[in-house]
Amino acid sequence: MRARASHLRVLLSQALAPSRPHPPARALPQITGLGGSQFGASFLGRARFFSADASTAAQGGSKPPAAAAAATGGDGGGDGQSGKSEQADAGKSVRGGPVSWLSFLLLLVTGGGIIVYYDKEKKRHIEELKNRTSAVKPGQSVGTAAIGGPFKLLNHDGKPVTEKDFLGKWTLLYFGFTHCPDICPDELQKMVAAIDKIKEKAKLDVVPVFITVDPERDTVEQVRDYVKEFHPDLIGLTGTTDEIRQVARAYRVYYMKTEEEGSDYLVDHSIVMYLMNPKMEFVKFYGKNYDTDSLADGIIKEIKEHK
């Protein structure tokens, strides 16, 4: 018994000695053959644990962390790489997570601020418009729109006509073209019917005028044949491309060719009638939403208010 204990002390001192390398882990199980007793096996197991721990501590103290990690091989190297990967992933989550959420929150706050600012500005603008509207009393003049101006065209008889030829008369202007399939005929029929109603109800004379926006096809003869189909008092005007462009710009009229196929095409244009006073100054415009009765009543009202 004393021999066994003495032998075990020698082995333990050799394993724990810092100056001598410890026996490999796989060599320690061979020592169990010394006694075969449970006490010996247990003691050697503890010796193996303390031997490996002491060796790791000794090597870790003499090598830098990177070298110690490189010195561990097999499963130890795999565990080191796994540890590094977990640390890198943890670093990414720590660095990336809060920044992405912070960017999202900043985006929400900025977008919300823009929406709130836009809503406030919109309400403020609406309030200003309401205040300006309420500040204008009925019948009070607020200025004349910059619509109208000088022009020089040819009437349906081929005679030169300018805006001065309409001075002293109330005039109702409509811009269109003779090849228009439906809108222009409907609007001209409404115009001349309203003119007759105005004369019948209020004994007022209004001159209806048709100005083409298709000077390439609407010659003097074409315009003459066209206006005769609607009313004997309807005056048709045409001119060169530049002259039509000038008068359309003066009256803020939009027009453009569409669906062009050779000589057959349509012209997209504004659908508006312009009421001009005897000084050929713009008074009011009437859109497509007016029917014959509302158009006639509206013109009568404007004429009476301007007398």
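The structure contained in this document is the topic of the report that follows. Just so it is clear, the structure is predicted and the values come from calculations on it, not from any experiment.

## Describing the nonpolar core
By size, the foremost hydrophobic cluster in this structure holds 54 residues, and its most contacted members are Ile 211, Tyr 251, Tyr 274 and Ile 299. With seven residues, helix H5 (residues 183-202) is the single largest residue contributor to this core. Discounting residues that sit within four places of it in the chain, Ile 299 has contacts with Leu 172, Ile 198, Val 206, Leu 275 and Tyr 286.

## As for the sheet that holds strand S3 (residues 170-176)
Across a sheet, strands are paired by hydrogen bonds formed along the backbone, either parallel or antiparallel in direction. Strands sit in the order S2-S1-S5-S4-S3-S8-S9 across an open sheet of seven strands; the sheet is mixed. Whereas interior strands pair on both sides, the edge strands pair on one side only; in this sheet they are strand S2 (160-162) and strand S9 (282-286). Across the sheet, the mean angle from the axis of one strand to that of its neighbour is 35°, orientation sign disregarded. Looking at chain direction, strand S1 (residues 152-155) and S2 are connected through three bridges and run antiparallel. Looking at S2, one finds that Leu 153 is bridged to Val 161. Relative to S9, helix H8 (residues 292-305) is tilted by about 165°, and along the sheet it contacts S3, strand S4 (206-212), strand S8 (273-276) and S9.

## Thoughts on unusual backbone geometry
The residue Lys 203 is not glycine, and still its phi comes out positive at about 55°. Turning to its location among the elements, Lys 203 is positioned in the loop between H5 and S4. Even without being a glycine, Arg 252 presents a positive backbone phi close to 55°. With respect to the element layout, Arg 252 can be found in the loop between helix H7 (241-250) and strand S6 (255-261).

The rules we used
Residues numbered from 1 in each chain as written. Predicted model: local features only at pLDDT ≥ 70, side-chain atom pairs only at ≥ 80, totals over all residues. Heavy atoms only, no water. Core = buried A, V, L, I, M, F, W, Y, C linked by side-chain atoms within 4.5 Å. Buried < 20%, exposed > 50% of the residue type's maximum accessible area, 1.4 Å probe, protein only. Helix = DSSP H or I, 4+ residues; strand = E, 2+ residues; numbered from the N terminus. Contact = heavy atoms within 4.5 Å. Pairing = 2+ DSSP bridges. Axes fitted to C-alpha atoms, helices over the stretch in contact; angles between N-to-C directions.

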